[in-house]
Amino acid sequence: MADILASLRSSMASHSPPLDALVVPSEDYHQSEYVSARDKRRQFVSGFTGSAGLALITKNEARLWTDGRYFLQAMQQLSDQWKLMRIGEDPTVDAWISDNLQREAAIGIDPWCVSVDTAQRWERAFAKKEQKLVQTSTNLVDEVWKNRPPAEINPVVDHPLEFSGRSVTEKLKDLRVKLANEKAHGIIIAALDEVAWLYNIRGSDVSYSPVVHAFAIVTLNSAFLYVDKRKVSSKVSSFLQKNGIEVREYGAVSSDVAKLASNQLDQATGVISSQNGVCENDTGDNYLIWVDPASCCYALFSKLDANMALLQQSPLALAKALKNPVELEGLKNAHIRDGAAVVQFLVWLDKQMQEIYGASGYFLEGEVASKRRPETTKLTEVTVSDKLEGFRASKEHFRGLSFPTISSVGPNAAIIHYSPQAETCSELDPNSIYLFDSGGQYLDGTTDITRTVHFGKPTAHEKACYTSVLKGHIALGNARFPNGTNGYALDILARLPLWRYGLDYRHGTGHGIGSYLNVHEGPHQISFRPHARNVPLQVSMIVTDEPGYYEDGSFGIRLENVLVIKEADTEYNFGDKGYLSFDHITWAPYQIKLIDLSLLTPEEIQWLDNYHSKCREILAPYMDKNEMEWLKKATETPSSSDAAAIAHLGSRPAPFILPRLIRFLLPPFTRV
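Residues numbered from 1 in each chain as written. Predicted model: local features only at pLDDT ≥ 70, side-chain atom pairs only at ≥ 80, totals over all residues. Heavy atoms only, no water.

## Let's talk about the overall build of the protein
Here is the rule: Secondary structure follows DSSP: runs of H or I at least 4 residues long count as helices, runs of E at least 2 residues long count as strands, and numbering of each begins at the N terminus. Our radius of gyration is a C-alpha quantity, and the globule rule it is checked against amounts to 2.2 Å times the number of residues to the power 0.38. Buried residues are those whose accessible area, probed at 1.4 Å on protein chains only, stays under 20% of the maximum for their type, while exposed residues exceed 50% and partly exposed ones sit between those limits.
Regarding its fold elements, the protein presents 22 helices and 28 strands. By the compact-globule yardstick of 26 Å for 672 residues, the protein fits well, its C-alpha radius of gyration being 27 Å. Each of the three principal axes of the protein carries a C-alpha extent, and together these read 85 × 60 × 50 Å. Counting all 672 residues of the protein, 58% fall into the buried class.

Spelled out as structure tokens, the structure:
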């Protein structure tokens, strides 16, 4: 890292003008959360591998900003040449630069890797000391990155109507109506998932996300796809052509944006309404160019006259989030198959933990028996993660994982987005909590699920924390709320049971999910962060429900299901607003052994009973005899009356309840 920083500082000094600081963000040319190997510039310069963060290099300092999901990970990965800046606790990068660098300092950025709104916000912050944001003509990190991975030529594929649910023609028609309504004659589309969704194409240019490195420009008359043409087969080329899409080279987007700005890109003057849904015969008053300031890079925006730019969220963001009936059905089916894979994994892991480590197992609480085992049989965070992937791979329509599996034992589970590596990962420990957050990419949907388990004897504190997380998880999933409610308003529901004990977590509670697209999808979310106020939750949106608790150096707990927003059947309808609620589409048991039943209300116990009953019914077709026996046992919950009695008496069950609880805890073959 020292050599990399020295090389970058040399490049900064020789730059014209000389740079006092260089910003290295995580994002690529499309402002993506997850990027390809050759675009991981921030990781290359800092050694920090998290998906979110920003590096700042000055003449004598190096600082890394990241959010609460990654504080522990960054502390472990950053060398002593770097200082960690905690987002939400320390000054923002622009505030720090403004306060700490000299007047008229030059701060370098690659304008392709910085969004419009970020660049404009920084320019405003730097103005008070006449500091300058300098757009470098080349990426200085690329110049010193000697072994930068080459660009891959991965094929573009069409996404069939049986999975997409809507044709390209329909989507383009809707988009052009929105352009006309906003007096815009064109839109620049930079977000990779929006390009893929609009044109019904998929690819493999970014690990875990089935997207294509491509831009799109859509006008009232034409549609363009900017992509390395070597990726486009004759079949896909014909598909795009039939849908009125012209394929151009990826690098041509810059010059074409300039042509769009001068109204030279689209020479056609007549518009056939049956093709695009726009009634005007020419562009007329439609003089604006729609640019999403969060996803469009500053380099392309700089080609436009600022007065001609309509800076607002892409209309595709909401359209993509509102799943059509085919997408909803596909997502439900994908989550059923995915849940089956998770249960099969738990059955396998339970058996392995007992046989190899002498653990009491998934169901029983007991001290771990001393049991020697050959070194070759040990289970690690990576080997069990690979096994889970194998169960998923056996399911219909599987195309890969939706993100790197978070497979974490004990203290590692306290690292919110922990990423185990084969060389350094931990061995499974029957005396410690095991958290796994994982998901799959299927042709009919994208999945994301988290479960936390213990194969030994959890402590009372671990049970209390798990139960508090579960209570918040249930509370959010059972919420009913009026139309117009945003995720910021609901976030508190998942935190209240934790707040009761002075506990909390440093991440949002829910995010959208794509339909065979990105596992993290906006524009909606459930979070304490202010931007969760921007978009109300709406019918047919998908959102996760994933509260957690993380005790540094000890353990971590998270429970995650995927929810569909639907209309609620309420007795009344105050203000004629209409009310909404959630349906769970994730199916996998919660570990009863980790639940302190005395902390659950009878209503919560009943919800758990109902959910587990559905798990048995829905997953049964995918289970063999042994797996079904395990699932039946895992989804048996003490009755509401038992739970109420336990709550009334405290943690010690009354004598008349003990036999029933003993029967519940015994393995199936020992019951009478």
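Moving on from the model shown.
## Topic: the packing of helix H15 (residues 325-357) against helix H20 (residues 625-634)
For clarity, the threshold we go by: Geometry is summarised by axes, namely lines fitted to C-alpha atoms with helices restricted to the contacting stretch, and by angles between N-to-C directions that run from 0 to 180 degrees. Angles are sorted into four bins: roughly parallel if under 35 degrees, roughly antiparallel if over 145, roughly perpendicular if 65 to 115, and oblique for all others. Contacts were defined at the residue level, with two residues in contact if any of their heavy atoms lie within 4.5 Å.
Packing of H15 against H20 leaves a shortest axis separation of 10 Å and a crossing angle of 90°. Compared by their axis directions, H15 and H20 come out roughly perpendicular. Between H15 and H20, the contacting residues are Val343, Gln344, Leu346, Val347 and Asp350 on the first element and Glu627, Trp630 and Leu631 on the second.

## Remarks on the pairing of strand E4 (residues 83-86)
Test applied: We call two strands paired when DSSP finds no fewer than two bridges between them. Assignment of crossover handedness uses the view with strands pointing away from the viewer, where a clockwise path from the first strand over the helix to the second indicates a right-handed crossover.
As judged from the four bridges shared by strand E3 (residues 62-66) and E4, these two strands associate in the parallel manner. In the sheet register, Trp65 faces E4, and the bridge partner there is Met85. The handedness of the E3 to E4 crossover, carried by helix H3 (residues 71-77), is right-handed.

## A word on the pairing of strand E11 (residues 223-226)
Neither face of E11 is open: one carries Ala223 and Leu225, the other Phe224 and Tyr226, and all of them are buried. When strand E10 (residues 215-219) meets E11, the two strands line up antiparallel, connected through four bridges. Within E11, the position partnered with Ala216 by the bridge is Leu225. Where E10 folds back onto E11 in an antiparallel hairpin, the turn is made up of three residues. Bridge count for E11 against strand E12 (residues 245-248) is four bridges, and the pairing is parallel. Counterpart to Phe224 in the pairing with E12 is Glu246. Once the chain exits E11 it traverses helix H10 (residues 234-242) before rejoining the sheet at E12, and the crossover so formed is right-handed.

## Things to note about the sheet that holds strand E20 (residues 449-454)
Strand order in the open sheet formed by three strands is E16-E17-E20, and the pairing between neighbours is antiparallel. Looking at which strands have only one partner, the edges of the open sheet turn out to be strand E16 (406-409) and E20. Strand-to-strand twist across the sheet, computed as the mean angle between neighbouring axes with direction ignored, equals 10°. Alignment of strand E17 (residues 433-438) against E20, held across six bridges, turns out to be antiparallel. Bridged to Asp437 within E20 is Thr450. Against the sheet, helix H16 (residues 381-393) engages E16, E17 and E20, with an angle of about 140° to E16.

## Considerations on the UniProt feature "domain: Creatinase N-terminal" (unreviewed entry) in the protein
Filter applied, for reference: UniProt positions are given in the numbering used here, feature names are shortened, and annotations may be inferred rather than shown by experiment.
Annotation from UniProt places "domain: Creatinase N-terminal" (unreviewed entry) at residues 6-138. In this annotation, residues 6-138 is assigned 32% helix and 20% strand; the end-to-end C-alpha distance for the span is 18 Å.

## A look at the pattern of salt bridges
Defined as follows: Think of a salt bridge as a Lys or Arg side-chain nitrogen and an Asp or Glu carboxyl oxygen that are within 4 Å of each other.
All chains considered together, the criterion is met by 27 salt bridges. Here Lys128 makes a salt bridge to Asp99, at a shortest N to O gap of 3.8 Å. Remark: Asp99 occurs in helix H4 (residues 93-100) and Lys128 occurs in the loop between helix H5 (116-127) and strand E6 (132-135); sequence separation between them is 29 residues. Assigned by exposure class, Lys128 and Asp99 land together as exposed. The salt bridge partner of Glu521 is Lys323, with a shortest N-O separation of 2.6 Å. Taken together, the positions of Glu521 in strand E23 (residues 521-526) and Lys323 in the loop between helix H14 (315-321) and H15 put the pair 198 residues apart, joining distant regions of the chain. Overlapping salt bridges, with partners in common, bring together Asp39, Arg41, Asp142 and Arg148 in one network.

## Section: the UniProt feature "domain: Peptidase M24 C-terminal" (unreviewed entry) in the protein
Residues annotated by UniProt as "domain: Peptidase M24 C-terminal" (unreviewed entry) correspond here to residues 578-636. The annotated region residues 578-636 carries 47% helix and 10% strand content, and the separation between its end C-alpha atoms amounts to 36 Å.

## Notes on the packing of helix H17 (residues 460-477) against helix H18 (residues 487-499)
What counts, and what does not: We call a crossing left-handed when the near helix sits turned anticlockwise from the far one by less than a right angle, and right-handed when that turn is clockwise. Side-chain classes are defined by residue name, with Ala, Val, Leu, Ile, Met, Phe, Trp, Tyr, Cys and Pro counting as nonpolar, Asp, Glu, Lys and Arg as charged, and the others, Gly among them, as polar.
For the pair H17 and H18, the least separation of the axes is 7 Å and the interaxial angle reads 155°. Of the possible angle classes, the one that applies to H17 and H18 is roughly antiparallel. As for the relative orientation of H17 and H18, their crossing is right-handed in sense. For the pair H17 and H18, the contacting residues are Ser468, Val469, Lys471, Gly472, Ala475 and Leu476 in the first and Leu490, Leu493, Ala494, Pro497 and Leu498 in the second. The class makeup of the residues in the contact of H17 with H18 is eight nonpolar, two polar and one charged.

## Overview of the sheet that holds E10
Strand order in the open sheet made by the six strands is E12-E11-E10-E8-E13-E14, with mixed pairing throughout. The sheet is open, and its two edges are formed by E12 and strand E14 (309-311), each paired on a single side. Recorded for the sheet is a direction-independent mean angle of 20° between the axes of neighbouring strands. In this structure, strand E13 (residues 288-291) lies alongside E14, joined through three bridges in parallel fashion. Bridge pairing links Val291 to Leu311 in E14. This element, helix H9 (residues 192-199), spans strand E8 (184-189), E10, E11 and E12 of the sheet and lies at about 55° to E10. Relative to the sheet, helix H11 (residues 253-261) contacts E8, E10, E11, E12 and E13, its axis offset from that of E10 by approximately 20°.

## Remarks on the environment of Glu381
Applied cut-off: Throughout this description, a polar contact denotes any pair of N or O atoms lying within 3.5 Å of each other; where both atoms belong to protein, one of them has to be capable of donating a hydrogen while the other can accept it, and for residues adjacent in sequence the pair is counted only when both atoms sit in side chains.
With respect to the helices and strands, the residue Glu381 is situated in helix H16. Taking the C-alpha atoms as reference points, Glu381 and Ala422, separated by 41 residues in sequence, lie 8.1 Å from one another. Apart from the residues lying within four places of it in its own chain, the contact partners of Glu381 are Ser407, Ser408, Val409, Asn412, Tyr418, Pro420, Cys425, Ser426 and Leu428. At a separation of 2.6 Å, a polar atom in the side chain of Glu381 contacts the side chain of Tyr418.

## Re the nonpolar core
Stated formally: What is meant by a nonpolar core is a set of buried Ala, Val, Leu, Ile, Met, Phe, Trp, Tyr and Cys residues, joined one to another through side-chain atoms within 4.5 Å.
Membership of the largest hydrophobic core comes to 76 residues, with the highest contact counts inside it found for Phe345, Leu349, Leu379 and Phe582. Not counting the four nearest positions on each side in its chain, Phe345 is found in contact with Val384, Leu388, Phe391, Tyr434 and Phe436. Counting 42 residues, the second largest nonpolar core, distinct from the first, contains Ala261, Cys296, Phe301 and Ala309.

## Concerning H20
If you check which residues of H20 are buried, you get Glu627, Met628, Trp630, Leu631, Lys633 and Ala634. Of the residues that open H20, the one with a side-chain oxygen 3.2 Å from the backbone nitrogen of Asn626 is Asp624.

## Some words on the side chain of Thr485
Note on placement: Thr485 falls in the loop between strand E21 (481-482) and H18. When neighbours within four sequence positions are excluded, Thr485 is seen to be in contact with Leu490, Pro536 and Leu537.

## Some details on the environment of Ile153
If you trace the backbone, Ile153 turns up in the loop between helix H6 (140-144) and strand E7 (157-158). Assessed through its relative accessible area of 37%, Ile153 is described here as partly exposed. Sequence-wise, Ile153 and Arg230 are 77 residues apart; in three dimensions their C-alpha atoms are separated by 6.9 Å. Excluding anything up to four places from it in sequence, Ile153 contacts Asp228, Arg230 and Lys231.

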